[in-house]
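So the chains spell out like this:
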Amino acid sequence: MSLYYVQKFLYELNRDEGKQQAYMADRDAAIASFELTNEERAALTAPDIGMLFHLGVNGQILMHFAALHQIEWADYLQRMRDGIQAHGPVREGVYAMTGYEGTDVHAKSLGQE
Amino acid sequence: MPLVYAGVCSHAPGITGRANQADPTVRDAFYASFDQMRRDIEATKPDALVVIAAEHFANFFMDNMPTFALGMADFYDGPIEDAGWLGIDKFRAPGNRDLSERLIKEVMQTVDVSYAEEWKFDHGIAVPLHFLTPNFDLPIIPANINCQGPPLSPLSRAWAFGEALRRAADALPERIALVGTGGISHWPATPDSGKINEPWDRDFLDRWCRNDRDALLDYDDGTVYTDAGQGGFEIRTFITVSGAAAGATGTVHFYEPIPIFAVGCTVASYDLGATVGVARLI
Ligand SMILES: [Fe+2]
């Protein structure tokens, strides 16, 4: 369990286009220098957004990793939900789920279209 | 010169990035309030705008996380996010290294602040600037409060940071405007993105408008997390502005939850008139 290094890899990736190109060209090589478990390596290279959220990656880091993989916003949210469904609650970090009804139902209840 | 402006606004990336998914009526009313804030700031003829933000791992990470930081550069590039994703084109905002340095030296008299000569703006600053200085013609001094990676500053220190910024701004010959940006309650970038605790927000804004120090500091991160989500940690930016405007009365110009923007969209400001001169006597 090395959530810190998973997040550190993503933090560096998010802010450096060169690292993004290197990751896209060879994902295993890009993460080679980070202290990671096999589970974490698999999630970072797949990429498995749901597993990364389950492991506890901060959404402010994860959402840009999803965008890098051309994962659209609603799909990003759904993948996190699926990850929780498949793997259980967030293991570590600052997150818990609260049973939110979703933006469409919420907006309607506020009289918005 | 005495501080010329103190206000707060939201900065969620959906405000620009998911603009076309919101109800146009409420969205446009929110944008109009941002425009009014821009005119209000312009009317004070500021020499620089200090933006108190809660950045999201664009510059600072848990390998070396500053609790409070101020920018000290002649320019700042942004947004660090994909321009299409955020709905804001790449820009270079002007800074003023000399002015930053003088401000930082004064702040350091009472608050230990980190400085950064390099700083890339993420949505936390880019979204407010998109509305408030759309031509990027006003020098910016970015400030950051760690609201992402606990342990976080006690709220009393966020207030003290605001007091220090006020004292420093008042002591400078330049005219300084101050804007804090953050969410109130929200669960950004999580599966609960869009959830907003409106009663909690309105109660917080009531405390903010009264500039009630005791009431504003009467939160702890445990209950904030439960009631207002991890995004609620960003109340620190609003509290810093309250500290800078101690003694003033605030007005909420706009507040509406817009779920697809993932935040209760807020524009508010303090009437500094009654406080000018007071801070310098303390
Ligand atoms: Fe934020």
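The preceding data block contains the structure.
Computed from a predicted structure; not experimentally measured. (Residues numbered from 1 in each chain as written. Chains lettered and ligands numbered in written order. Predicted model: local features only at pLDDT ≥ 70, side-chain atom pairs only at ≥ 80, totals over all residues. Heavy atoms only, no water.)

What is the right way to read the pattern of salt bridges from this model?
Working definition: two side chains of opposite charge can pair if their charged atoms are close together. Per the stated rule, a full pass over the model turns up 19 salt bridges over all chains. In this structure, A:Arg91 engages A:Glu39 in a salt bridge whose closest nitrogen and oxygen atoms are separated by 2.9 Å. Here A:Arg91 is found in the loop between α7 (73-87) and α8 (103-109), whereas its partner A:Glu39 is found in helix α4 (residues 38-45), with 52 residues between them in sequence. A:Arg91 gets classed as partly exposed once you look at its relative accessible area, which sits at 42%. Overall, A:Glu39 belongs to the partly exposed group, its relative accessible area being 32%. In this structure, the salt-bridge partner of B:Asp77 is B:Arg92, at a minimum N-O distance of 2.7 Å. In this pair, B:Asp77 is assigned in strand β4 (residues 75-78) and B:Arg92 in strand β5 (residues 91-94), connecting sequence segments 15 residues apart. Exposure remark for B:Arg92: the relative accessible area of 49% places this residue in the partly exposed category. Among the charged side chains, a network of salt bridges with common partners joins B:Arg97, B:Glu101, B:Lys105 and B:Glu117. (Salt bridge = Lys/Arg side-chain N within 4 Å of Asp/Glu carboxyl O. Helix = DSSP H or I, 4+ residues; strand = E, 2+ residues; numbered from the N terminus. Buried < 20%, exposed > 50% of the residue type's maximum accessible area, 1.4 Å probe, protein only.)

Would you mind showing me how to read the packing of aromatic side chains here?
Within a pair of aromatic rings, the relevant descriptors are the distance that separates the centres and the angle that separates the planes. This structure, assessed with the given rule, holds 25 aromatic pairs over all chains. Joined through ring pairs, the aromatic side chains of A:Tyr4, A:Tyr5, A:Tyr11, B:Phe57 and B:Phe61 make up one cluster. The ring of B:Phe75 has B:Arg92 sitting right over it, with the charged end atom 3.7 Å from the ring centre. B:Lys195 extends its terminal NZ or CZ atom over the ring of B:Trp187, reaching a point 4.7 Å from the ring centre. (Phe/Tyr/Trp six-rings, centres within 6.5 Å; stacked < 30°, edge-to-face > 60°. Lys NZ or Arg CZ within 6 Å of the ring centre and 35° of its normal.)

Please clarify how the coordination of the iron ion should be interpreted in this entry.
Octahedral metal centres with six donors ideally show angles of 90 or 180 degrees, and tetrahedral centres with four donors ideally show 109.5 degrees. All names here are of chain B. Listed as protein donors to the iron ion are His11 (NE2), His56 (NE2) and Glu234 (OE); their distances from the metal cover 2.0 to 2.1 Å. Positions of the donor residues of the iron ion along the chain correspond to the pattern H-x44-H-x177-E. One end of the pair, His56, is in the loop between β2 (48-53) and β3 (68-71); the other, Glu234, is in the loop between α9 (221-228) and α10 (235-244), and 178 residues separate them in sequence. With a relative accessible area of 3%, His56 lands in the buried category. Among the residues examined, Glu234 registers a relative accessible area of 2% and is labelled buried. (Donors = N, O, S within 2.8 Å, 3.2 Å for Na, K, Ca; no water.)

So what exactly am I meant to see when it comes to the interface of chain B and chain A here?
The interface is formed by 36 residues belonging to chain B together with 32 residues belonging to chain A. Of the roughly 3100 Å² buried between chain B and chain A, counting both surfaces, carbon and sulfur atoms make up 61%. When the buried surface of chain B facing chain A is broken down by residue, B:Phe61, B:Ala189 and B:Pro191 rank first, second and third, together holding 22% of it. If you look at where chain B meets chain A, you find 10 residue pairs in polar contact (both at pLDDT 80 or more). Of the residues belonging to the side of chain B that touches chain A, the class tally is 20 nonpolar, eight polar and eight charged. (Contact = heavy atoms within 4.5 Å. Buried area = accessible area lost by both parts, 1.4 Å probe. Polar contact = N/O pair within 3.5 Å; in protein donor to acceptor, adjacent residues only side chain to side chain. Nonpolar A, V, L, I, M, F, W, Y, C, P; charged D, E, K, R; others polar.)

Sorry if this is basic, but what is going on with the sheet that holds β3(B) here?
Through backbone hydrogen bonds, the strands of a sheet pair up, either in parallel or in antiparallel fashion. Residues and elements named next belong to chain B. The strand order across the open sheet built from eight strands is β6-β3-β7-β2-β8-β1-β10-β9, with neighbouring strands paired in mixed fashion. This sheet does not close on itself; its edge strands, each paired only once, are β6 (114-116) and β9 (249-258). Direction aside, neighbouring strands of the sheet carry axes that sit 20° apart on average. Sitting on the sheet, helix α2 (residues 24-43) is in contact with β1 (5-9), β8 (176-181), β9 and β10 (263-271), with an inclination near 155° to β9. Where helix α7 (residues 198-210) meets the sheet, its contacts fall on β1, β9 and β10, and the angle it forms with β9 comes to roughly 165°. (Pairing = 2+ DSSP bridges. Axes fitted to C-alpha atoms, helices over the stretch in contact; angles between N-to-C directions.)

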